[in-house]
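Listed below, chain by chain, are the residues.
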Amino acid sequence: MNIELQGKLDSYIEANRERFLEELFTFLRQPSISTRNEGMHECAELLASLMRDVGIETRVMETPRHPIVYGEIDKGPDAPVVLVYGHYDVQPPEPLELWTSPPFAPEIRDRKIYGRGTSDNKAQIFIYVKTIEALRAATGDVPLSFKFLFEGEEEIGSPSLAPFVEANRDLLKADLTYYSDSHIHESGRPMIILGLKGMVYAELTARGARIDQHSMRATGVPNPAWRLVWALNSLKGPDNRVAIEGFYDDVRPLTNMERETIAKIPVDEQGLLDFFGIDKFLPGRIEDGYYFNLISEPTCNIAGIVSGYTGEGSKTVLPSVAKAKIDIRLVPDQRPEDILEKLKQHLEEKGFGDIEVEGFNFLTPSRTPIDHPALPVIVEALEEAYGREPIVYPGIGGAGPNYVFTDILRQACFVVPHATHDQANHAPDESMDLDGFFNGIRTGVRVFPRLAKTLRR
Ligand SMILES: [Zn+2]
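The name an unreviewed UniProt entry assigns to the protein chain is M20/M25/M40 family metallo-hydrolase, from the organism Microvirga puerhi.

Right under this line is the structure:
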């Protein structure tokens, strides 16, 4: 983009700073607590009207729970299309007494906006509403077609998102998905995230006698706690390899470019060890390296075990039931349904067919190809807006629903966060960095004109 136009865009953003913030504050003042259905419709309507104000054709679409706010700017069949995703729902603000200022009365202190939903995710979606306004005001038009998908159920696990996307494939079809959530690197360098892990959560239950027994009967009455421990022991060894038959069969190997990119992620391994208070990290299958393993290794984690007596002193009891919860984080191309089936089969084969397995929280892993032509363009736009070189993450350890874009819609998905690492999302005093908000808009007005050129068909 030429320098003159860039200057025009930046000065428009600068000149309208206060009004952008006022409008954002109106959005932040509207509670939208999805888990208890507080203010959801009001917030959806408010967001829709803020979008209409900048010329986005917007409708509020119902789902079985909370509405989806869908918007469009259509530049005709030849224009590339970007789908912008985000969520307008927020976490409950409690405990209220730990907030310095009330959660739904946003306030600026030390260059941060404090309030529930500031960084997660209201300011980070409002960035795109204001990006559209700035592009239109300074250039007379937007450079490509836009679709906006803002859901109201992210904080409760996005139950309607996948069915909605399945049912509206044509409506949502785009060249790529682009969104801002999560936070930039703690050094202040911006980030681009290309993939999320998948997830299978399972509850294992071993049962023994009808009711708890006196432990003198341990000579003859089987103990489900032992059975559960033996079963868990069969899932993973001290070598850190998951022993479920076929568990790694579908793991997609990292490409050379992905490996090189991971090697560039700044890491202070000793600092991390100190932070965790441990001596060494677990080994990986292929090589060792904190980010290499965080991104490329699937996990089988015991999240909790409970059985019998764990209170103070002694109680000689032979429990009648033992339960464990395990979370299995998946990498491409493992599938949650398949891994759960393999877990059940493994237990059966090892002689633990009596242990009940209930699986839930299925999430398919996602990863956008690192050689996608949009990536260098996003890197360039971020570098210009922040004045810092972005860090590219081929994946992260966290799980999420990006597969709806990469697998159901079959389009690349780029996550470009603008909050800072101390955003305290889900906690009291959640904040959004003022610079992050405006850098987000400054990135937006730089990235879309570039994408329009790169994606031109
Ligand atoms: Zn959240």
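**Student:** Would you mind going over the coordination of the zinc ion with me for this structure?
**Tutor:** Tetrahedral coordination by four donors puts the ideal angle at the metal at 109.5 degrees, and octahedral coordination by six puts it at 90 or 180 degrees. Within the protein, the zinc ion binds to D120 (OD), E155 (OE), E155 (OE) and H426 (NE2); these donor distances fall in the range 1.9 to 2.4 Å. Note that the zinc ion binds four donor atoms; their angles at the metal cover 57 to 137°, and the shape is irregular. Here the donor residues of the zinc ion share one chain and are spaced in sequence as D-x34-E-x270-H. Taken as a pair, E155 in the loop between β6 (145-151) and α5 (161-167) and H426 in the loop between β18 (412-415) and β19 (431-433) lie far apart in primary sequence, 271 residues in all.

**Student:** What should I look at first to understand the sheet that holds strand β5 (residues 112-114) in this one?
**Tutor:** The strands making up a sheet associate through hydrogen bonds between their backbones, and the pairing can be parallel or antiparallel. Here three strands make up an open sheet; going across it, the order is β4-β5-β19 and the pairing antiparallel. At either end of the open sheet lies a strand with only one pairing partner, and these are β4 (107-109) and β19. The mean angle between the axes of side-by-side strands here comes to 30°, regardless of whether they run parallel or antiparallel. Most of the contacts of helix α2 (residues 17-29) go to β5, to which it runs at about 25°, and overall it touches β4 and β5. This element, helix α4 (residues 118-139), spans β5 and β19 of the sheet and lies at about 45° to β19.

**Student:** Could you clarify how one ought to interpret the domain arrangement of the protein chain in this entry?
**Tutor:** You'll often see interface size given as the accessible area lost when the parts meet. Assigned domains within the protein chain: domain 1 (3-196 + 365-455) and domain 2 (198-251 + 298-363). Each of domain 1 and domain 2 has a C-alpha centre, and these two points are 39 Å apart. Taken together, the contacts link eleven residues of domain 1 with nine residues of domain 2. In total, about 720 Å² of surface goes out of reach between domain 1 and domain 2, with carbon and sulfur atoms giving 63% of it. Of all residues in domain 1, P365, R367 and A399 bury the most surface against domain 2, accounting for 63% of the area lost on that side. Taking the shortest distance from any N to any O, the salt bridge between R335 and D407 comes out at 3.4 Å. Across the domain 1-domain 2 interface, the total number found is two residue pairs in polar contact (both at pLDDT 80 or more). Elements supplying a minimum of two residues to the side of domain 1 that touches domain 2: β16 (366-367) and α13 (403-408).

**Student:** Could you clarify how one ought to interpret the nonpolar core in this entry?
**Tutor:** Considering soluble globular proteins, one finds that nonpolar side chains tend to be buried as a cluster. Ranked by size, the top nonpolar core spans 69 residues in total, and within it L24, F27, Y88, Y178, F414, F437 and L451 carry the most contacts. Membership of the second largest hydrophobic core comes to 36 residues, among which are L83, F164, Y201 and I408.

**Student:** Could you clarify how one ought to interpret the side chain of T131 in this entry?
**Tutor:** Within the secondary structure, T131 sits in helix α4. Within the structure, the side chain of T131 is placed 2.7 Å from the backbone oxygen of I127, a separation counted as a polar contact. Every residue in contact with T131, bar those within four places of it in the chain, is listed here: G440, I441, G444, V445 and F448.

**Student:** Would you mind going over the pattern of salt bridges with me for this structure?
**Tutor:** Per the counting criterion, the structure on display carries 29 salt bridges. Of the charged contacts, one joins R189 and E389 as a salt bridge, the two residues approaching to 3.9 Å between their closest N and O atoms. Taken together, the positions of R189 in the loop between β7 (176-179) and β8 (191-193) and E389 in the loop between α12 (374-386) and β17 (391-393) put the pair 200 residues apart, joining distant regions of the chain. Using a relative accessible area of 19% as the deciding quantity, one classes R189 as buried. Given the relative accessible area of 47%, E389 is considered partly exposed. The salt bridge involving E287 is made with R259; its shortest N-O contact spans 2.4 Å. Remark: R259 occurs in helix α8 (residues 256-263) and E287 occurs in the loop between α9 (269-276) and α10 (290-296); sequence separation between them is 28 residues. Classification of R259 by relative accessible area gives partly exposed; the value is 28%.

**Student:** Sorry, what's going on with the sheet that holds strand β12 (residues 299-307) here?
**Tutor:** In spatial order, the strands read β12-β14-β10-β15; together these four strands make up an open sheet with antiparallel pairing. Bordering the open sheet on either side are β12 and β15 (356-363), each of which pairs with just one other strand. Strand-to-strand twist of the sheet, defined as the mean angle between neighbouring strand axes without regard to direction, takes the value 15°. One ladder, built from six bridges, connects strand β10 (residues 198-207) with β15; its direction is antiparallel.

**Student:** What's the story with a nonpolar patch on the surface in this structure? I'm lost.
**Tutor:** Taken together, the side chains of W226, V229 and W230 make up a nonpolar region of the molecular surface, amounting to roughly 340 Å² of accessible area. Following the sequence through the fold, V229 ends up in helix α7 (residues 224-233). Take V229: its relative accessible area is 41%, and that puts it in the partly exposed class.

**Student:** How should I be thinking about the packing of aromatic side chains in this particular structure?
**Tutor:** For any pair of aromatic rings, geometry is given as the distance between the ring centres together with the angle between the planes. Scanning all chains against the criterion turns up 20 aromatic pairs. Between F146 and F448 the ring centres are 4.9 Å apart and the planes differ by 80°, which places this aromatic pair in the edge-to-face class. Of this pair, F146 sits in strand β6 while F448 sits in helix α14 (residues 434-455); the two residues are 302 residues apart in sequence, bridging distant segments of the chain. Exposure class is identical for F146 and F448. Each is buried. Ring geometry for F281 versus Y290: centroids 5.1 Å apart, planes at 45°, classification tilted. Following the ring pairs from residue to residue traces out a cluster consisting of Y128, F146, F148, F150, Y178 and F448. Between R17 and the ring centre of F438, over which it is positioned, the NZ or CZ distance is 4.1 Å. The ring of F27 carries K122 above its face, with NZ or CZ at 5.3 Å from the centroid.

**Student:** Which parts of the structure should I look at to understand the environment of T205?
**Tutor:** Tracing the chain through its elements places T205 in strand β10. Taking the C-alpha atoms as reference points, T205 and I305, 100 residues apart in sequence, are found 9.9 Å from one another. Discounting residues that sit within four places of it in the chain, T205 has contacts with V321, A322, K323, D354, I355 and E356. Only 3.4 Å separates the side chain of T205 from the side chain of K323, close enough to count as a polar contact.

What counts and what doesn't
- The written sequence of each chain sets the order in which its residues are numbered from 1.
- The predicted nature of this model means local features are confined to residues of pLDDT at least 70 and side-chain atom pairs, given and counted, to a pLDDT of 80 or more, with totals for whole chains, interfaces and linings taken over all residues.
- For side-chain calculations, the full set of non-hydrogen atoms in the structure is used, while hydrogens and water are omitted.
- In this listing, donors mean N, O and S atoms no farther than 2.8 Å from the metal, or 3.2 Å for Na, K and Ca; water is missing from the atoms, so a site can look incomplete.
- Any coordination sphere not matching a tetrahedral pattern (four donors, all angles between 85 and 135 degrees) or a square planar or octahedral pattern (four or six donors, opposite donors over 155 degrees apart, other angles between 65 and 115) is reported as irregular.
- For helices the rule is a DSSP run of H or I covering at least 4 residues; for strands it is a run of E covering at least 2, with both sets numbered from the N terminus onward.
- Any two strands are treated as partners once DSSP identifies two or more bridges connecting them.
- For helices, the fitted line uses only the C-alpha atoms of the stretch in contact; every axis is such a line through C-alpha atoms, and the angle between N-to-C directions lies from 0 to 180 degrees.
- Contact between two residues is taken to exist if any of their heavy atoms lie within 4.5 Å; hydrogens are not considered.
- What counts as a domain boundary in this text is fixed by an automatic or database domain assignment.
- Defined in terms of a 1.4 Å probe, buried area is the accessible area two parts forfeit on being brought together, summed over both.
- Each reported salt bridge corresponds to a side-chain nitrogen of Lys or Arg within 4 Å of a carboxyl oxygen of Asp or Glu.
- For the purposes of these results, a polar contact is taken to be a pair of N or O atoms within 3.5 Å, where, inside protein, one atom must be able to donate a hydrogen and its partner to accept one; residues adjacent in sequence count only when each atom of the pair is a side-chain atom.
- Throughout, nonpolar core names a set of buried Ala, Val, Leu, Ile, Met, Phe, Trp, Tyr and Cys residues whose side chains join them through atoms within 4.5 Å.
- With a 1.4 Å probe rolled over the protein chains alone, any residue whose accessible area is under 20% of its type maximum counts as buried; one over 50% counts as exposed, and the rest are partly exposed.
- Exposure above 30% relative accessible area and no salt bridge define the residues that can form patches, which grow by joining like charges within 9 Å and nonpolar side chains of Val, Leu, Ile, Met, Phe, Trp and Tyr within 5 Å.
- Note on areas: Shrake-Rupley, 1.4 Å probe, and residue coverage restricted to the protein chains presented here.
- Ring pairs are drawn from Phe, Tyr and Trp, using the six-membered ring of Trp, whenever the two centres fall within 6.5 Å, and their geometry is named by plane angle: stacked under 30 degrees, edge-to-face over 60, tilted for the rest.
- Criterion for a charge above a ring: Arg CZ or Lys NZ at most 6 Å from the ring centre, at most 35 degrees from the ring normal.

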